[in-house]
There are 2 protein chains.
Amino acid sequence: MTPVVALVCALALLTYPLPAGAQENRAARVASEWRQSHERQIIEEYFEFLKIPNVSRDKTNIRRNAEYLLKMMNTRGIASRLFEAPDTAPVVYGELLAPGATHTYVFYAHYDGQPVDPKDWATPPFKPVLRTRRLDNGGEIIPVLTHGQPIDPQWRIYARSASDDKAQILALLTAVDALRAAGLKPRANIKFVFEGEEEIGSPNLHKILSANRDLLKADLWLICDGPEHPSGHQTVTFGARGVQPLEITVYGPKRELHSGHYGNWAPNPALMLSQLLASMKGADGRVTIDHFYDGIVPLSELEKNAIAETPDEDEALRRDMWLGRTDGGGKRLAELINLPSLNIRGLASAHVGTQAANVIPATATAAIDLRLVKGVPHEQQAARVIDHIRKQGYYVTTSEPDEQTRLANPKVARVVVDPSGYDAVRTRMDLPIAQRVIAVARSVRSPVVLEPTSGGSVPLVVIEDILGVPTLSIPVVNYDNSQHSNNENVRLLNLWNGIEMQTALLMME
Amino acid sequence: MTPVVALVCALALLTYPLPAGAQENRAARVASEWRQSHERQIIEEYFEFLKIPNVSRDKTNIRRNAEYLLKMMNTRGIASRLFEAPDTAPVVYGELLAPGATHTYVFYAHYDGQPVDPKDWATPPFKPVLRTRRLDNGGEIIPVLTHGQPIDPQWRIYARSASDDKAQILALLTAVDALRAAGLKPRANIKFVFEGEEEIGSPNLHKILSANRDLLKADLWLICDGPEHPSGHQTVTFGARGVQPLEITVYGPKRELHSGHYGNWAPNPALMLSQLLASMKGADGRVTIDHFYDGIVPLSELEKNAIAETPDEDEALRRDMWLGRTDGGGKRLAELINLPSLNIRGLASAHVGTQAANVIPATATAAIDLRLVKGVPHEQQAARVIDHIRKQGYYVTTSEPDEQTRLANPKVARVVVDPSGYDAVRTRMDLPIAQRVIAVARSVRSPVVLEPTSGGSVPLVVIEDILGVPTLSIPVVNYDNSQHSNNENVRLLNLWNGIEMQTALLMME
């Protein structure tokens, strides 16, 4: 501990007398009671919110979401407005100021969602439905909620962003309802930042933060995103991996060729891509790209202990996901998410199934996401991948290669590094504000799982870099929510727990 | 030469006095004149035919094509009818019988086409258009053909099946028009067989042939399909490779997973598939599956000579197709199509591009076509691929694997071997009837390229097996027709040449 940190800790002990959590716990219990008598109303309001399509690139509907949110906040007495910038989805900002407060907490969530392919969904992604349990465990649709009908907390809501990330917004705004009903007021200044471009890498968040630096300074940003630990325990997450999407296209003939007339002679780009991808990882999933694991900032003792104490759900997860084996050479999932990763998120070349034709495809494309940890910057990791592609004999270009380029090079790859990449963040577990949040969390629900990092990514680095504010995540949603995929869902119990936890955090002094 | 073959050859010399081709050449010249004064009418009739969608699995429109063909044939005095069988696209049969004829020739073509993905087409696949030249060389649409407007033989018609295989049907029926206009009558019995399921592997052709064995016996089946040699010379093809499509699906997690939360731990099926496919071929495209090249029937001296004499267009083709290199270890395309091949015709796993989401896909699929040569049966070749997959540690199943199967096996692949596979055929070049066709072809257009086999596949084996009749192919269409792919096209010059050649063949004694 440096002298400065020691001083901060000492001051923190004065400011936040431990054991903490009594007031927060009381608020959580109030919220629980309020929720029990308003479940149908909460679900109905949530359905209206989920009905507004929210794919990040669909700017028209993204705006509809922002305006709807503004309305939801204003009716709750939260002074709200939109932060706008050219070609940027609006950030919905709101505040509940406490006269004389010495602390400020910002609650961050995002209202946009990942792309959807409706044909992969059991029910349309923007027509929310309630199901009795998880779809792949036989969950059946509950047609209409009648007045006074008992509501099973194991029921799930199916819709895009039911979990990621509208659930956290609903939990927060319902927590405000509960506080208002009980006449309770936050003791700190509370600010809300709801972003509309998180799922495309928050390309404009830095602009919004820079333009509103003073307003958004705080003691802590609470990141309301991500799933709880698969054990179902309350989770506090101290960071998130960074992410760098990139796309690799390799080239065969200028146009698709008849596979009979040219097979054995015209190189097949789907084969070339397969060979290239196969060269990137070993059979156990370990990345074989040179320097891929170089520079990783080692875990602290606190972090190592937290990982060691994390409940081991791997075998249950493996069975739930029908996996005959796992990658990682025997390491646990809780350890493995502390390493960088390379994931093929999609492959495409010509057609399969009934659309397949006997052709040599003209191109083959792999969409990849790199996950990053502290000490492994996104630009550097992308450069390592590109170096590797070159080492496999490819001429690498960032734009569509022309005739001359393709004739002059035996192998040509176009690599598009998505400009949305960002680095990992890991907040120190021994910060006083971190200890304070842990205490509040434990006062509401115990045990609490402490995760040094989430496996997933949130652009926390922008917040750290521009505002110099630490971040922590308090996840609400179930681990098996199929976020980013089809049939995304949230379990009601997670919403109910989330409302209680958010109420407690809103009351944190 | 065996004594029997020698006897057949001697008899043939009596039956077909050489040099042959005078009458056929005269008919071709008559057809050329007739065509020159009817080009607009020919194109207009062809457009109407191309407007009828003809994807093999679209049974409703396939029937519309058959009925349209029936009408086209009946108006030309060809006695026609449909051969029907349950769950089978109709075969359109027609005949022009010559009283006292001692020979019978069957002209085979197919009226169905490969699947289309309209978004990949410059203009809709079933709205034919004329272009000034090849689309990727700047071909522009010619809006309307006015009366008397000169028609450039380099123009191309763009539409699905413009080449494969409606072009050959159009050439044949126009040849009949030309003969009728000149008062010429075929000297042999001429029969037409137009199939509607060739592009899905002719699954029912054996039924039709078996049910009409006597009617379809002949001296020769002339297969009107496939492209001419890239040199643009008239081509006679003595066989076709067999084909065996199959599809491999490998399995990751039961449902798509968030790539951040589970990356490094849950195996990625897109990577597994890449590794599996990469294990099947070397960098030069040579297949590394055990026994893949075993059993090939060697080429005869005549066949080797024909290949050696084939014009070498490889460098021009390589440049035209923007290829920086070719597979095959320096061998020529003309040689390489005499080997079996393994081609990845499509890849799919989750999504790429703007639809890509940060997931570990649940499955990854590769569509593959195996091309076969004499001595390499399709069932055996598929079995070799499956053996290879097993050797890579996979449990192989033919149906969707259940929970138990997936939990019990580290790697699971579903391999669906398409029931449409069939073997290669290669007709001996020294058969008298083969020599006769070569002579007729040379009498019309010279030089003639002799191909021991087409690289592509046609189900000739069924004809050989059931009817015991030899087959030969006389291709009509340009090599760069993009058959099976988007923007399929035919060059008018090929149609014009095809009309002349078909007229000559219709007049063959």
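All chains use their own residue numbering, which begins from 1 and follows the written sequence. Think of it this way: whatever chain is written first is A, whatever ligand is written first is 1, and the rest follow in order. Whole-chain, interface and lining totals are the exception, using all residues; otherwise, since this is a predicted model, local features are given only for residues with pLDDT of at least 70 and side-chain atom pairs are given and counted only at 80 or more. The side-chain values count all of the structure's non-hydrogen atoms but skip hydrogen atoms and water molecules.

Some thoughts on the sheet that holds strand β5 (residues 141–142) of chain A
Residue and element names in this part refer to chain A. Taken in spatial order, the four strands of this open sheet run β5-β4-β6-β21, and their pairing is antiparallel. Of all the strands in the sheet, just β5 and β21 (489–491) have a single pairing partner and so form its edges. Examined bridge by bridge, strand β4 (residues 129–131) and β5 share two bridges and lie antiparallel to one another. Pairing of Leu130 across the sheet is with Ile142, part of β5. The pairing criterion is simple: DSSP has to find at least two bridges between the two strands. Under the DSSP-based scheme used, a helix requires at least four consecutive residues in state H or I and a strand at least two consecutive residues in state E, with every element numbered from the N terminus.

Looking at the interface of chain A and chain B
Should any heavy atoms of two residues lie within 4.5 Å, those residues are counted as being in contact. Counting residues at the interface gives 102 residues for chain A, matched by 103 residues for chain B. Here the quantity called buried area is the total loss of accessible area, with a 1.4 Å probe, experienced by two parts when brought into contact, counted for both. A buried area of about 9,100 Å², summed over both sides, lies between chain A and chain B, and 55% of it is on carbon and sulfur atoms. Of all residues in chain A, the largest losses of buried area upon contact with chain B belong to Asn264, Trp265 and Trp322 of chain A, amounting jointly to 11% of the total for that side. For salt bridges, the criterion is a side-chain nitrogen of Lys or Arg within 4 Å of an Asp or Glu carboxyl oxygen. Ionic pairing is found between Lys254 of chain B and Asp136 of chain A, a salt bridge with its closest N-O pair at 3.0 Å. The term polar contact refers here to a pair of N or O atoms within 3.5 Å; inside protein, the definition further demands a hydrogen-donor-capable atom paired with an acceptor-capable atom, and it admits residues adjacent in sequence only when both atoms are side-chain atoms. For the pair chain A and chain B, the interface holds 47 residue pairs in polar contact (both at pLDDT 80 or more). Alignment of strand β13 (residues 341–350) of chain A against strand β13 (residues 341–350) of chain B, held across five bridges, turns out to be antiparallel. In the sheet register, Gly346 of chain A faces β13 of chain B, and the bridge partner there is Ala350 of chain B.

So, unusual backbone geometry
Residue and element names in this part refer to chain A. In this structure, Asp165 follows Asp164 across a cis peptide bond, with omega equal to 20°. For Asp165, the location among the structural elements is in the loop between β6 (156–158) and α5 (166–182). Despite not being glycine, Ser161 has its phi angle at roughly 70°, a positive value. Checked against the element boundaries, Ser161 lands in the loop between β6 and α5. Residue classification places Ser161 among the buried residues on the basis of a relative accessible area of 0%. With phi around 70°, His291 is a residue other than glycine that occupies positive phi space. For His291, the location among the structural elements is in the loop between α9 (269–278) and α10 (301–309). When accessible area is computed with a 1.4 Å probe and restricted to protein chains, residues below 20% of their type maximum are described as buried, those above 50% as exposed, and intermediate ones as partly exposed.

With respect to the environment of Thr132 of chain A
Residues and elements named next belong to chain A. Among the secondary structure elements, Thr132 is positioned in the loop between β4 and β5. In this structure, the C-alpha to C-alpha distance between Thr132 and Lys71, residues 61 residues apart in sequence, is 31 Å. With residues near it in sequence (within four places) discarded, Thr132 still touches Gly138, Gly139, Glu140, Ile142, Gln154 and Trp155.

Overview of the relation of the copies chain A and chain B
Residues reaching a pLDDT of at least 70 in both copies supply the C-alpha atoms on which the copies are superposed by least squares. Rotating chain A by 180° and moving it 0.0 Å along the rotation axis overlays it on chain B with an RMSD of 0.0 Å. Such a combination of turn and shift is consistent with a two-fold rotation axis. The position closest to the rotation axis in chain A is occupied by the C-alpha of Ser274 of chain A, lying 2.1 Å away. Interface overlap between copies: 100% of the residues of chain A at the interface are likewise at the interface in chain B, consistent with a symmetric, same-surface contact.

Observations concerning helix α5 (residues 166–182) of chain B
Residue and element names in this part refer to chain B. Here α5 spans 24 Å end to end across 17 residues, near enough to the 24 Å set by a 1.5 Å rise per residue. With 14 of 17 residues buried, α5 lies mostly within the body of the structure. Gly183 occupies a position one or two residues after α5 and carries a positive phi of about 70°. Here a helix's expected span is defined as the number of its residues, less one, multiplied by 1.5 Å.

Considering the pattern of salt bridges
As enumerated under the stated definition, the model contains 66 salt bridges over all chains in all. A salt bridge links Arg40 of chain A to Glu44 of chain A, with the nearest nitrogen and oxygen atoms 3.4 Å apart. Taken together, the residues span about one helical turn, with Arg40 of chain A and Glu44 of chain A both in helix α3 (residues 39–50) at a distance of four residues. By relative accessible area, which is 28% here, Arg40 of chain A ends up partly exposed. Shared partners join several salt bridges into a network, and the residues in it are Arg134, Asp136, Arg156, Asp320 and Asp480 of chain A together with Lys254 and Arg255 of chain B.

A look at the nonpolar core
Membership of the largest hydrophobic core comes to 81 residues, with the highest contact counts inside it found for Phe107, Tyr111, Ile157, Phe192 and Phe194 of chain B. At ten residues, the largest contribution of residues to this core is made by α5 of chain B. To form a nonpolar core, buried Ala, Val, Leu, Ile, Met, Phe, Trp, Tyr and Cys residues must be joined to one another through side-chain atoms within 4.5 Å.

Some words on the sheet that holds strand β21 (residues 489–491) of chain B
Residue and element names in this part refer to chain B. Here we have four strands laid out as an open sheet, ordered β5-β4-β6-β21, and antiparallel in their pairing. Of all the strands in the sheet, just β5 (141–142) and β21 have a single pairing partner and so form its edges. Relative to strand β6 (residues 156–158), helix α3 (residues 39–50) is tilted by about 20°, and along the sheet it contacts β4 (129–131), β6 and β21. Axis definition: a line fitted to C-alpha atoms, limited for helices to the stretch in contact. Angles are taken between N-to-C directions and run from 0 to 180 degrees.

Examining helix α17 (residues 492–506) of chain B
With 15 residues, α17 of chain B ought to run about 21 Å at 1.5 Å a step, and its terminal C-alpha atoms sit 21 Å apart, in line with that. Most of α17 of chain B is tucked away, with 14 of its 15 residues classed as buried.

Some details on the packing of aromatic side chains
Residue and element names in this part refer to chain A. Only Phe, Tyr and Trp rings take part, Trp by its six-membered ring, and two of them pair if their centres are within 6.5 Å. Stacked means planes under 30 degrees apart, edge-to-face means over 60, and tilted covers everything else. Using the criterion set out here, one finds 14 aromatic pairs over all chains in the structure. With centroids separated by 5.9 Å and ring planes inclined at 15°, the aromatic side chains of Phe49 and Tyr68 adopt a geometry described as stacked. You can see Phe49 sitting in helix α3 and its partner Tyr68 sitting in helix α4 (residues 59–74), a full 19 residues away along the chain. Residue Phe49 is classed as buried on the basis of its relative accessible area, which comes to 0%.

Details of the packing of helix α2 (residues 22–36) of chain B against α5 of chain B
All names here are of chain B. At their nearest, the axes of α2 and α5 sit 9 Å apart, and the two run at 100° to each other. With respect to each other, α2 and α5 are oriented roughly perpendicular. Contact with α2, carried on its side by Ala27, Val30, Ala31 and Trp34, involves Thr174, Asp177, Ala178, Leu179, Ala181 and Ala182 of α5 and no other residues of that element. Of the residues in the contact of α2 with α5, the class split is eight nonpolar, one polar and one charged. If an angle is under 35 degrees, it is roughly parallel; if it is over 145, roughly antiparallel; if it lies from 65 to 115, roughly perpendicular; otherwise it is oblique. The residue classification treats Ala, Val, Leu, Ile, Met, Phe, Trp, Tyr, Cys and Pro as nonpolar and Asp, Glu, Lys and Arg as charged. All others, Gly included, are polar.

Looking at the packing of α5 of chain A against helix α17 (residues 492–506) of chain A
Residues and elements named next belong to chain A. Relative to each other, α5 and α17 sit at 60°, their axes nearing to 8 Å. As judged from the angle between their axes, α5 and α17 are oblique. When you trace α5 past α17, the crossing you get is right-handed. Contacts between α5 and α17 pair Ala167, Gln168, Leu170, Ala171, Leu172, Thr174, Ala175, Val176 and Leu179 from the former with Leu495, Gly498, Ile499, Gln502, Thr503 and Leu506 from the latter. Residue composition of the contact of α5 with α17, by class: ten nonpolar, five polar and no charged. Each crossing gets its handedness from the near helix: less than a right angle anticlockwise from the far helix is left-handed, clockwise is right-handed.

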